[in-house]
Amino acid sequence: MAQRKKSGKPSAPVEFRSQALAEALERQDIAAVALALRHGNTVVPLVKPGPRDTPLDGGEVWTYRDPSTGDVALLLFSDAANKPANLPPAVGLQSPAWLRSFLTRYESTITTVFLDIAGPHPMQAPPGELLRALEA
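Keep in mind that what you see is a predicted model, and the values were worked out from it rather than measured.

Quick look at the packing of helix H3 (residues 96-106) against helix H4 (residues 127-135) now. Think of two packed helices as two axes; the pair is described by the angle between the axes and how far apart they sit. At their nearest, the axes of H3 and H4 sit 10 Å apart, and the two run at 145° to each other. Handedness of the H3/H4 crossing: left-handed. Counted together, Leu-99, Arg-100, Leu-103 and Thr-104 of H3 and Pro-127, Leu-130, Leu-131, Leu-134 and Glu-135 of H4 form the full contact between these two elements. Class assignment of the residues belonging to the contact of H3 with H4 gives a composition of six nonpolar, one polar and two charged.

Pasting the structure below:
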C-alpha cells in the first residue's frame, strides 16, 4: 500500500527504488551505474499502469519526444520520488531483462536515456552505450 506524504498525496512504495543506482548516480560512477542497471530494477514513468499488485507485469512506458527535433528520450529513475510531477503520475518497476529488451527494440528510435533527469544526480547516455553495459 502506498505511503502518504505530509502533503496528503500518496507516494510510491519503498520498493520503487534502486539504492545501488541512486548511490552510483550520486558518485557519477559509470561502472557502478552499469552494474546497478545489470542487477537491479529501474523505475520508469508509465502512460498506462500495469496491474496494481504486480508492478513488473506491464504498463505502457512513457517516453519524451522533443517537439522541435523529434528526438525521443527514455527516462529512468533510481527512485519514484525523483520523477518530476509534470510527468505521468504512474510508475513501473522494470527488470534488467526488460531494459535490455526495450533498448534493443527501440535503439534506433531512442536518441538518449536520462537517469534521474531532474536530479538529485542526473546522468545521460546513448541507448547503445547502456545496451553494451547491460550485456557486459
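As a further point, take the nonpolar core. In this structure, Val-33, Leu-74 and Leu-103 are the most contacted members of the largest nonpolar core, which totals 25 residues. Those elements giving two or more residues to this core turn out to be helix H1 (19-27), helix H2 (30-39), strand E1 (42-49), strand E4 (72-76), H3, strand E6 (110-115), strand E7 (123-125) and H4. The element contributing the most residues to this core is H2, with four residues. Among all residues touching Leu-103, those that are not within four sequence positions of it are Leu-74, Ile-110, Val-113, Pro-127, Leu-130, Leu-131 and Leu-134. Residues Ala-73, Leu-75, Ala-80 and Leu-87 belong to the second largest nonpolar core, which totals eleven residues.

This part takes up H1. Given 3.6 residues per helical turn, the α-helix brings residues three or four places apart onto the same face. For H1, the set of buried residues is Leu-21, Ala-22, Ala-24 and Leu-25. What you see down the axis of H1 is that its buried residues fit within an arc of 165°, all on one side. Facing away from the buried surface of H1 by more than 90 degrees, the exposed residues are Glu-26 and Arg-27. Tucked inside the fold, the buried residues of H1 contact H2, E6 and E7.

Our next topic: the sheet that holds E7. Across a sheet, paired strands are connected by hydrogen bonds in the backbone, their directions being either parallel or antiparallel. Taking strand neighbours across the sheet as the criterion, the four strands line up as E3-E4-E6-E7 in an open arrangement whose pairing is mixed. Unpaired on one side and paired on the other, strand E3 (63-65) and E7 mark the two borders of the sheet. Here the average twist between neighbouring strands, direction ignored, is 25°. Bridging between E6 and E7 involves three bridges; their strand directions are antiparallel. From the neighbouring strand, Phe-114 faces E7, where its bridge partner is Gln-124. Of the strands in this sheet, E6 and E7 are in contact with H4, which crosses E6 at around 65°.

Bringing the pattern of salt bridges into the picture now. Evaluation of the coordinates by the stated rule reveals one salt bridge. Ionic pairing is found between Arg-17 and Asp-79, a salt bridge with its closest N-O pair at 2.7 Å. Of the two residues, Arg-17 sits in the segment before H1 while Asp-79 sits in the loop between E4 and strand E5 (90-94), which places them 62 residues apart along the sequence. You can call Asp-79 buried: its relative accessible area is 15%.

A word on H3. Residues of H3 that are buried: Pro-96, Leu-99, Phe-102 and Leu-103. Along the axis of H3, the buried positions cluster into a sector of 125°, meaning they face one direction only.

Parameters at a glance
- Residues numbered from 1 in each chain as written.
- Predicted model: local features only at pLDDT ≥ 70, side-chain atom pairs only at ≥ 80, totals over all residues.
- Heavy atoms only, no water.
- Axes fitted to C-alpha atoms, helices over the stretch in contact; angles between N-to-C directions.
- Helix = DSSP H or I, 4+ residues; strand = E, 2+ residues; numbered from the N terminus.
- Left-handed = near helix turned anticlockwise from the far one by under 90°.
- Contact = heavy atoms within 4.5 Å.
- Nonpolar A, V, L, I, M, F, W, Y, C, P; charged D, E, K, R; others polar.
- Core = buried A, V, L, I, M, F, W, Y, C linked by side-chain atoms within 4.5 Å.
- Buried < 20%, exposed > 50% of the residue type's maximum accessible area, 1.4 Å probe, protein only.
- Arc of directions from axis to C-beta.
- Pairing = 2+ DSSP bridges.
- Salt bridge = Lys/Arg side-chain N within 4 Å of Asp/Glu carboxyl O.

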